[in-house]
Amino acid sequence: MNAKQAAGYRAAEWVKDGMKVGLGTGSTAYYAIEKIGQMVAEGLRIRAIATSNASEELAVKYNIPLLQAGEVDRLDIAIDGADEVDPGLSLIKGGGGALLREKLVAMNSERFIVIADSGKIVPHLGQFKLPIEIVPFCYEWTLKQLERRYSVPFETRMRGAERYVTDNGNYIVDAAFGKIANPAVLAEELKAITGVVDHGLFVGIADTVVVGYDDGHTEIKEAACSNQ
């Protein structure tokens, strides 16, 4: 069992019968979905919302019943990966391109569990480039706004020779901020820029982080304000 599998399988233990579950996206979330699928095959009764087309396909493969947001007010739990996790459990997410759906699901869940291998635990956010989702219309203007405001490199994410397009039909710009001294302030500033849909800073959202290690053991980190 590798570190990602260890974290994903451990997080699945929080999923109980009758729950409404948010399914994350990415290589670590894959293992959580895999384990939940095994639990469903053994009789677990849940319904889920997937945060990407890829995760939805995986849920269908494992016969995990899916629901629409209009059918519920909130989810009981969401499980998803992260690209970086700092000591305060602030995150950078979006390496897989699903940051907007991931944030919607996380913020509308009673408990948000983050799963990560130990290499994703960092002293401060920013070594990983920050994904910023922007609308395609006049995206050049949005990019210029970002470049004028912040003196850091911005790159439009590509898929081969074409611009990367999210499941929502938007573009992603990856920003090399380096050390992010105050994630909460930067999160508010970016969201206020016209043309920015959302970004990969998840601040004050994670309740629990499950860290997986190469030897298969896991460590649990809880948010200071979590009363779960």
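What counts, and where the lines are drawn
Residues numbered from 1 in each chain as written. Predicted model: local features only at pLDDT ≥ 70, side-chain atom pairs only at ≥ 80, totals over all residues. Heavy atoms only, no water. UniProt positions renumbered as here; feature names shortened; annotations may be inferred. Axes fitted to C-alpha atoms, helices over the stretch in contact; angles between N-to-C directions. Helix = DSSP H or I, 4+ residues; strand = E, 2+ residues; numbered from the N terminus. Parallel < 35°, antiparallel > 145°, perpendicular 65-115°, else oblique. Left-handed = near helix turned anticlockwise from the far one by under 90°. Contact = heavy atoms within 4.5 Å. Pairing = 2+ DSSP bridges. Phe/Tyr/Trp six-rings, centres within 6.5 Å; stacked < 30°, edge-to-face > 60°. Buried < 20%, exposed > 50% of the residue type's maximum accessible area, 1.4 Å probe, protein only. Lys NZ or Arg CZ within 6 Å of the ring centre and 35° of its normal. Salt bridge = Lys/Arg side-chain N within 4 Å of Asp/Glu carboxyl O. Polar contact = N/O pair within 3.5 Å; in protein donor to acceptor, adjacent residues only side chain to side chain. Arc of directions from axis to C-beta.

The name an unreviewed UniProt entry gives the protein is Ribose-5-phosphate isomerase A, with Paenibacillus macerans as the organism. Annotation of the protein in UniProt includes, under Catalytic activity (unreviewed entry), the sentence "aldehydo-D-ribose 5-phosphate = D-ribulose 5-phosphate".

A.B. asks: Please clarify how the packing of helix α1 (residues 3–12) against helix α2 (residues 27–41) should be interpreted in this entry.
C.D. replies: To characterise two packed helices, one gives the angle between the axes of the helices and the distance between these axes. Following both chains from N to C, one finds α1 and α2 inclined at 45°, their axes separated by 7 Å at the closest point. Our classification of the angle between α1 and α2 gives oblique. Note that α1 runs across α2; the crossing there is right-handed. On α2, the residues touching K4, Q5, A7, G8, Y9 and A12 of α1 are S27, T28, Y31, A32, E34, K35, I36, Q38 and M39.

A.B. asks: Please clarify how the sheet that holds strand β5 (residues 91–92) should be interpreted in this entry.
C.D. replies: Adjacent strands of a sheet pair through backbone hydrogen bonds, lying either parallel or antiparallel. Strand order in the open sheet made by the 3 strands is β4-β5-β13, with antiparallel pairing throughout. In this open sheet, the two strands that pair with only one neighbour each are β4 (84–85) and β13 (201–202). Relative to β13, β5 runs antiparallel, the two being bridged by 2 bridges. Its bridge partner lying in β13, I92 is registered against L201.

A.B. asks: Please clarify how the packing of aromatic side chains should be interpreted in this entry.
C.D. replies: Any aromatic ring pair is given by two values, namely how distant the centres are and how the planes are angled relative to each other. Going through the model one piece at a time under the given rule, you end up with 5 aromatic pairs. Summarising the aromatic geometry, the rings of Y30 and Y31 are spaced 5.2 Å apart at their centres and angled 85° between planes, so their arrangement reads as edge-to-face. Here Y30 falls in the partly exposed class, since its relative accessible area comes to 30%. Residue classification places Y31 among the buried residues on the basis of a relative accessible area of 19%. Taken together, a centroid distance of 5.2 Å and an interplanar angle of 85° make the contact between Y139 and Y171 edge-to-face. You can see Y139 sitting in helix α5 (residues 139–149) and its partner Y171 sitting in strand β11 (residues 171–175), a full 32 residues away along the chain. For the pair formed by Y139 and Y171, the shared burial category is buried. Members of the aromatic cluster, connected to one another through ring pairs, are Y150, F154 and F177. Its end group placed over the ring of F202, K93 keeps NZ or CZ at 5.5 Å from the ring centre.

A.B. asks: Explain the pattern of salt bridges here, please?
C.D. replies: In a structure, side chains of opposite charge can pair up when their charged atoms sit close to one another. Per the counting criterion, the structure on display carries 15 salt bridges. Two residues, K93 and E102, come together in a salt bridge whose shortest N-O distance is 3.2 Å. Each member of the pair K93 and E102 is classed as buried. Measuring nitrogen to oxygen at the nearest pair gives 2.8 Å for the salt bridge that ties D174 to R157. Highlighted residues: D174 in strand β11 and R157 in the loop between β8 (154–156) and β9 (158–159), separated in sequence by 17 residues.

A.B. asks: Which parts of the structure should I look at to understand the side chain of N170?
C.D. replies: Note that N170 resides in the loop between β10 (162–163) and β11. Polar side-chain contacts of N170 include one of 2.9 Å to the side chain of E133. Non-local contacts of N170, meaning those with residues more than four positions away in its chain, are made with E133, I134, V135, P136, Y164, V165 and V197.

A.B. asks: Would you take a moment to explain helix α3 (residues 53–61) for this structure?
C.D. replies: Because an α-helix packs 3.6 residues into every turn, residues spaced three or four apart end up facing the same way. Turning to α3, its buried residues number three or more, namely S55, L58 and A59. Buried positions in α3, seen along its axis, are confined to an arc of 100° and lie on one side of it. Facing away from the buried side of α3 by over 90 degrees, the exposed positions are A54, E57, V60 and K61. Buried positions along α3 lie against β1 (20–23), α2 and β2 (47–50). Trailing α3 by a residue or two, N63 shows a phi angle of about 60°, which is positive.

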